[in-house]
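# Residue-level structure breakdown
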Amino acid sequence: MITELKKRGVEISRGIGELRDKVIRAGILGVVDDRALSRLVFAMQDVLKKDVYYPPPQETSLPETLKTEVIWD
């Protein structure tokens, strides 16, 4: 999964210690907004070949003026 997500522009890490092969860790540096969360969910759906409905929380939406400054390509 780590390799497949990286191909889609999402980097994750394995768990630590006894959880190394049981969990993954996802982190986003910098601005985290609804677009970043959606990108992660869509990439995971694609890799897992499973539809997941997860609307990003409303509080993660940036004001329109900031959305033009933070571009997620």
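Above this note sits the structure.
Source: prediction; values computed, not measured.

This part is about the pattern of salt bridges. As enumerated under the stated definition, the model contains six salt bridges in all. Where Arg14 meets Asp21, a salt bridge forms, and the shortest distance between an N and an O atom there is 3.5 Å. Since its relative accessible area comes to 39%, Arg14 is described here as partly exposed. Look at Asp21 and you get exposed, because its relative accessible area is 65%. As a salt-bridge pair, Arg35 and Asp33 come within 2.6 Å of each other at their nearest N and O atoms. Take Arg35: its relative accessible area is 25%, and that puts it in the partly exposed class. Asp33 sits in the buried class, given a relative accessible area of 0%. It is possible to trace a salt-bridge network through shared partners that takes in Glu4, Lys7, Arg8, Asp46 and Lys49.

Counting six residues, the largest nonpolar core consists of Leu5, Val10, Ile12, Leu40, Ala43 and Val47. Element by element, the count of residues in this core is highest for helix H2 (residues 34-48), at three residues. Excluding anything up to four places from it in sequence, Ile12 contacts Met1, Ile2, Leu5, Ile24, Arg25 and Ala26.

For the rest of this paragraph, the subject is unusual backbone geometry. Residues other than glycine seldom take positive phi values, yet Lys49 does so here, at roughly 55°. Structurally, Lys49 is set in the loop between H2 and helix H3 (64-67).

The terminal C-alpha atoms of H2 lie 21 Å apart, and with 15 residues this matches the ideal 21 Å at 1.5 Å per residue to within 8%. Every buried residue of H2 is accounted for by Asp34, Ala36, Leu37, Ser38, Leu40, Val41, Ala43, Gln45 and Val47. Lys49, located one to two residues past H2, shows a positive phi value of around 55°.

Reading the values: the criteria
Residues numbered from 1 in each chain as written. Predicted model: local features only at pLDDT ≥ 70, side-chain atom pairs only at ≥ 80, totals over all residues. Heavy atoms only, no water. Salt bridge = Lys/Arg side-chain N within 4 Å of Asp/Glu carboxyl O. Buried < 20%, exposed > 50% of the residue type's maximum accessible area, 1.4 Å probe, protein only. Core = buried A, V, L, I, M, F, W, Y, C linked by side-chain atoms within 4.5 Å. Helix = DSSP H or I, 4+ residues; strand = E, 2+ residues; numbered from the N terminus. Contact = heavy atoms within 4.5 Å. Expected span 1.5 Å × (residues − 1).

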